[in-house]
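Listed below are the residues making up each chain.
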Amino acid sequence: YLGGGPQPPADEGVGQEELVIEAVKKASPAVVSIIITKDVPIMEKYYENGGDPFGGQFGDLFGPSPFNFQVPKYREKGTEKKEIGGGSGFIVSEDGYIVTNKHVVGDKEAEYTVFTNDGTKYEAEVAAIDPLNDIAIVKIKAYKDLPFLEFTDSDKLEVGQTAIAIGNPLLEFTNSVSVGVVSGLSRSIVASSGYGQSEQLDGVIQTDAAINPGNSGGPLLNLNGQVIGVNVAVASAENIGFSLPSNLAKNAFDSVKKNGKIVRSYLGVRYVQINEKIKEANKLDVDYGVLVLRGQTTEELAVIPGSPADKAGLVENDIVLGIDGQKLDEDHSLGRIIATKNVGDIVKLKVLSKGKEKTVEVKLEEIKQ
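Residues numbered from 1 in each chain as written. Predicted model: local features only at pLDDT ≥ 70, side-chain atom pairs only at ≥ 80, totals over all residues. Heavy atoms only, no water.

> Teacher, can you tell me more about the overall build of the protein here?
What the protein contains, in helices and strands, is five helices and 20 strands. Among the 369 residues that make up the protein, the fraction classed as buried is 41%. For the protein, contacts bridging at least 24 residues in sequence account for 63% of all contacts bridging at least 6. In the form shown here, the protein has an accessible surface area of approximately 20500 Å², with 50% of it arising from carbon and sulfur atoms. (Helix = DSSP H or I, 4+ residues; strand = E, 2+ residues; numbered from the N terminus. Buried < 20%, exposed > 50% of the residue type's maximum accessible area, 1.4 Å probe, protein only. Contact = heavy atoms within 4.5 Å. Areas by Shrake-Rupley, 256 points an atom, 1.4 Å probe, with all protein chains shown as cover.)

This is how it looks when you write it as structure tokens:
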């Protein structure tokens, strides 16, 4: 730099690029691909006449009669191991614990293989499945000193900060990187597994960093290479992906290290978040809180029998306005707050029941897996 006065600031674009490159270099060795294999039936084609598709009728010199053609049948002839899918994950301890999505490793009949960034192959065991969230902990048998990622506090995220996704998109492009920003916080979505299953996810991070099939279970990082989320879903629209907050994943990992399983407290109600639209449609007195409501089938009761909510006297059509002094709205979901509580905690619910407000104390219990 030549000339008088203070030196001009460095180009912000160059600085950002360098930070992203360093974060990716730091994190990539700890990002893994997870391959799913399973015994699938081998199907054999056969004909009832012993193999002649023309029913044994060879006809005359003009060839077989088309009216004697037989439709082939199929039968099972043993099984073979076959790759049926996969996803991503990331190492969170030097002795081989890995965080991924529950829907990636949820098949109890399948086998799982982990490939690290340098191509090393490990047989993997599912150490724990989260009963409430799309999170699972996998363990590989490895020597110590594995590279691993660190969590950062997802409660301190801000909309607009840089987000880096690393994963195995389309099960083909290992450790692909995409960069965007945190587009939104505390989103609630219904995510599909692709196999006819869906679940409500509360408090998720929205990002425009590209997340594609196969990225599931991979990390969402900040510019320091620290985990801010676990990539979980992508919307049908472009540039909208979702990640579970890092605090949720860290809590799950800490629970496995301490208890050998993921311990989650639960309240025991089904509900819908109240907004202005639901208020008007149901002629409610409030436009916030959650309405205790049964599901779409007769088995999905509003209040689970024997649950903490049931013992505390909550019933269908009650409206839970707040918990421990926190108003429940679209930015503060009941499920997310309960997820931060421990088994045995006593929470105070502000409830609107039959037009009257009351305070209800509930002792949280461990959800049965």
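> Even after reading the chapter, I still don't get the side chain of Thr100, so can you show me in this structure?
As for its placement among the helices and strands, Thr100 is situated in strand β3 (residues 97-100). Among the polar contacts listed, one links the side chain of Thr100 to the backbone oxygen of Ser88, at a separation of 2.7 Å. (Polar contact = N/O pair within 3.5 Å; in protein donor to acceptor, adjacent residues only side chain to side chain.)

> Please clarify how the packing of aromatic side chains should be interpreted in this entry.
For any two aromatic rings, the description comes down to two numbers: the centre-to-centre distance and the angle of the planes. Applying the stated rule across the entire model yields two aromatic pairs. Between Phe90 and Phe151 the ring centres are 6.3 Å apart and the planes differ by 65°, which places this aromatic pair in the edge-to-face class. With Phe90 in strand β2 (residues 73-91) and Phe151 in the loop between β6 (136-140) and β7 (162-167), the pair connects residues that are 61 residues apart, well separated along the chain. Both residues of the pair, Phe90 and Phe151, count as buried. A cation sits over an aromatic face here: Lys139 above Tyr97, 5.4 Å from the ring centre. The ring of Tyr288 carries Lys327 above its face, with NZ or CZ at 4.4 Å from the centroid. (Phe/Tyr/Trp six-rings, centres within 6.5 Å; stacked < 30°, edge-to-face > 60°. Lys NZ or Arg CZ within 6 Å of the ring centre and 35° of its normal.)

> How should unusual backbone geometry be read in this particular structure?
Working note: non-glycine residues mostly have negative phi, and peptide bonds are mostly trans. Residue Lys283 is not a glycine yet carries a positive backbone phi of 55°. Among the structural elements, Lys283 can be located in the loop between α3 (276-282) and β15 (290-292). A residue is classified by how much of its surface remains accessible, and Lys283, at 73% relative accessible area, is exposed. Positive phi outside glycine occurs at Lys354, with the angle close to 55°. Within the secondary structure, Lys354 sits in the loop between β18 (346-353) and β19 (356-363).

> Whenever I open this one, the confidence of the model for the protein confuses me. Can you help?
Detailed reading of the predicted model is not advised wherever pLDDT is low. Averaged over all residues, the pLDDT of the protein equals 82, while 83% of them reach at least 70. Per-element confidence in the protein ranges from a low mean pLDDT of 73 for strand β9 (residues 198-207) to a high of 96 for β3. Across residues 1-14, confidence stays below pLDDT 50; counting only partners more than four residues off in sequence or on other chains, it has three contacts. Note that pLDDT drops below 50 for residues 192-198; the model gives that stretch seven contacts with residues more than four away or on any other chain. (pLDDT = per-residue confidence, 0-100.)

> Would you mind showing me how to read the sheet that holds β6 here?
By way of backbone hydrogen bonds, the strands of a sheet pair with one another, either parallel or antiparallel. Pairing in this closed barrel of six strands is antiparallel, and the strands run β1-β2-β3-β6-β5-β4 around the ring. Ignoring strand direction, the axes of neighbouring strands in this sheet form an average angle of 45°. Here strand β5 (residues 121-129) runs beside β6; their pairing, made up of five bridges, is antiparallel. Within β6, the position partnered with Ala124 by the bridge is Ile140. (Pairing = 2+ DSSP bridges. Axes fitted to C-alpha atoms, helices over the stretch in contact; angles between N-to-C directions.)

> What should I look at first to understand the nonpolar core in this one?
Nonpolar side chains tend toward joint burial in soluble globular proteins. Residues Phe90, Val99, Val114, Phe151 and Leu244 are the most contacted members of the largest nonpolar core, which totals 49 residues. Among the elements that line this core, the one with the most residues is helix α2 (residues 246-259), at five residues. What Val99 contacts, discounting residues up to four positions off in sequence, is Gly89, Phe90, Val92, Ala136, Ile137, Phe151, Gly217, Val230 and Ala249. If you look at the next biggest cluster of nonpolar residues, it comprises 20 residues, including Leu267, Val292, Ile337 and Val360. (Core = buried A, V, L, I, M, F, W, Y, C linked by side-chain atoms within 4.5 Å.)

> When you look at the environment of Leu220 in this model, what are you seeing that I'm missing?
Note that Leu220 resides in strand β10 (residues 219-221). For the pair Leu220 and Asn231, spaced eleven residues apart in sequence, the C-alpha separation works out to 6.3 Å.

> Would you explain the pairing of strand β11 (residues 227-234) in this entry?
Within a regular beta strand, the side chains point alternately toward one face of the sheet and then the other, so they alternate between its two faces. Counting buried positions along β11 yields seven of eight residues, so the element is predominantly enclosed. With three bridges connecting them, β10 and β11 associate as antiparallel partners. By the bridge assignment for β11, Leu220 is matched with Gly229. Here β10 hands over to β11 after five residues, with Gly225 in that stretch at a positive phi of 75°. Sheet topology places β11 next to strand β12 (residues 241-245); five bridges connect them, and they run antiparallel. Bridge assignment links Val234 to a residue of β12, and that residue is Gly241.

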